[in-house]
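# Descriptive structure summary
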Amino acid sequence: KNYLNDSYTKFKNKIGLTIDGKFLKQRNEVALVWPFKDCILEGGQSREEDKREEIFFNEILAQDEITQLFEPKVLTNAKRIDKDGEKPLCHSERSEESLFNRNENGTITDNLIIKGNNLLALHSLKKEFAGKVKMIYIDPPYNTGNDGFKYNDNFNHSTWLTFMKNRLEIARELLRDDGVIFVQCDDNEQAYLKVLMDEVFGRENFVNEIVWRYRTYQGQVKDYFPRKHDTILFYKKKERTQFKLLYQDNYKDTVDYKRWQEFYVDDKIIYPNYPKTDSRFTAYLDKYIFENGEPKKGDVIFQVRGYVVDDVWEDIKAIDAKDKTQKTEFRGGQKPEQLLARIIQSSTNENDIVLDFFAGSGTTAAVAHKMNRQYIGIEQMDYIETLAVERLKKVIDGEQGGISKAVNWQGGGDFIYFELAKLNETAKEKIFDCESLEELEAFFDEMYERYFL
């Protein structure tokens, strides 16, 4: 008797073929592996222990509801945070019509930390940031059942794919044409995520599958090979993007370094005793001769920069119970800053916009802040204030953890924190709960103080 209007069927959370009102799936005649593919899942949650029954809106038949869902939302509790503390955004020295800093093109240049449902927040950002984000990194819930992120009791495979599809589609609209996205996942949903990313971004825009070995030791397991890696899928939006080759510093003992040893001694070529058949070296030699003429003994033909970082990342450790000298500052789902620094450095320049809409403890934002990138972080959990915001305050004060010493971080900068006002249902409920004119007036005073009306 659970009916739902504007759906493929009148039955709540079920979709499929019927005969005489009975689902064929129940008779084991038809099984749909992705029944909610063309639906919208809001995926709301404020605390980890919260669970709620999700509504699946069909994109066509429930268009009114979806339009309302995706309309830009009211901002509340907005404040600018810098080394001097917090100031309400509406009390800024700038006029109220210009609360944000903007560039000559009118684009907001402030760093933004947003508390709220990321699907709604992404659609609210569309008007300001469509086609302007250079890089997206997300580490979404892995749908393992044990990752502390359970939207509801039925957050199953099909629901997770719908949840991700809704967010990836709007995320793509925010990217520049030369923008890129990195999505981290484990082996629980990785294969399906790859197919979904191919659908949303185009198979031709797949760039890399990166394997991050986040630990070197796991103890004893009996039934399977110990798992020590996550996968990061790297896609571009459309155009060929600027990509920077990165090099590891600890290259002296690598195979690649030893391959080049025959070409030089202490970075200098022993000319003319070079291997003329090696195309890697002769390309550098031809370029040198074109630019500088015939080399003399001792001339530097190729400067050693180190081992090129490839698609297997074993040098950034997050968990390592055996060798504590390699263990980074790692808490819960928090990622090491070195991981985000590598991703950001490879695909962005200073002042480019970096977006993370599963911001968690704020690692992406913290690294972007230290590397002088503009950032937008979105997180709907209550801990965004106790973890991400407090962490960024320490970054502004000049904390020296993570990548701080590597980038010579000295502190400074600011960011704006705000929340998406909840839907009108909350206000309506409070209005109906008022039992007197005095209570009603008091509630309107509260709305006036806390919301932009």
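Up top is the structure these notes are about.
Residues numbered from 1 in each chain as written. Predicted model: local features only at pLDDT ≥ 70, side-chain atom pairs only at ≥ 80, totals over all residues. Heavy atoms only, no water.

## Side note on the pattern of salt bridges
Under the counting rule described, the total for this entry stands at 28 salt bridges. Put simply, Asp-38 and Lys-37 hold a salt bridge, and the shortest N to O gap is 4.0 Å. Classification of Asp-38 by relative accessible area gives partly exposed; the value is 36%. Lys-370 is paired through a salt bridge with Glu-337; the nearest N and O atoms lie 2.9 Å apart. Here the residue Lys-370 occupies a position in helix H8 (residues 363-370), and Glu-337 occupies one in helix H7 (residues 337-347), the gap between them amounting to 33 residues. You'll find Lys-370 and Glu-337 in the same group, each marked buried. Shared partners join several salt bridges into a network, and the residues in it are Lys-79, Glu-86, Glu-390 and Lys-393. (Salt bridge = Lys/Arg side-chain N within 4 Å of Asp/Glu carboxyl O. Buried < 20%, exposed > 50% of the residue type's maximum accessible area, 1.4 Å probe, protein only. Helix = DSSP H or I, 4+ residues; strand = E, 2+ residues; numbered from the N terminus.)

## A few points about the sheet that holds strand S11 (residues 229-236)
Taking strand neighbours across the sheet as the criterion, the 11 strands line up as S6-S5-S17-S7-S16-S15-S8-S9-S11-S10-S14 in an open arrangement whose pairing is mixed. In this open sheet, the two strands that pair with only one neighbour each are strand S6 (85-88) and strand S14 (312-313). Sheet topology places strand S9 (residues 175-185) next to S11; 6 bridges connect them, and they run antiparallel. Its bridge partner being in S11, Phe-182 is matched across the sheet by Phe-234. The strands touched by H8 within the sheet are strand S7 (112-115), strand S8 (133-138), strand S15 (353-356) and strand S16 (374-379), with S16 carrying the most contacts at an inclination of about 170°. (Pairing = 2+ DSSP bridges. Contact = heavy atoms within 4.5 Å. Axes fitted to C-alpha atoms, helices over the stretch in contact; angles between N-to-C directions.)

## Focus: the packing of aromatic side chains
Within this structure, the stated rule accounts for 9 aromatic pairs. Taken together, the ring pairs connect Phe-163, Phe-357 and Phe-358 into an aromatic cluster. When the ring centre of Phe-206 is taken as reference, the NZ or CZ atom of Lys-194 above it lies at 4.4 Å. The ring of Trp-313 has Arg-342 lying over it, and the distance from NZ or CZ to the ring centre is 5.0 Å. (Phe/Tyr/Trp six-rings, centres within 6.5 Å; stacked < 30°, edge-to-face > 60°. Lys NZ or Arg CZ within 6 Å of the ring centre and 35° of its normal.)

## With respect to the side chain of Asp-356
Tracing the backbone shows Asp-356 in strand S15. One buried charged residue, Asp-356, remains without a salt bridge, the closest side chain of opposite sign being Lys-335 at 9.1 Å. There is a polar contact of 3.0 Å between the side chain of Asp-356 and the backbone nitrogen of Phe-358. Separated by 2.7 Å, the side chains of Asp-356 and Thr-364 make a polar contact. If we ignore the near neighbours within four places in the chain, the residues touching Asp-356 are Tyr-137, Ile-138, Thr-364, Ile-376, Gly-377 and Ile-378. (Lys, Arg positive; Asp, Glu negative; His and termini not counted. Polar contact = N/O pair within 3.5 Å; in protein donor to acceptor, adjacent residues only side chain to side chain.)

## Overview of the environment of Leu-125
Here Leu-125 shows up in helix H2 (residues 118-129). Residues Leu-125 and Lys-73 lie 52 residues apart in sequence; the distance between their C-alpha atoms is 9.4 Å. Excluding anything up to four places from it in sequence, Leu-125 contacts Ile-114, Ala-130, Leu-174, Ile-376 and Ile-378.

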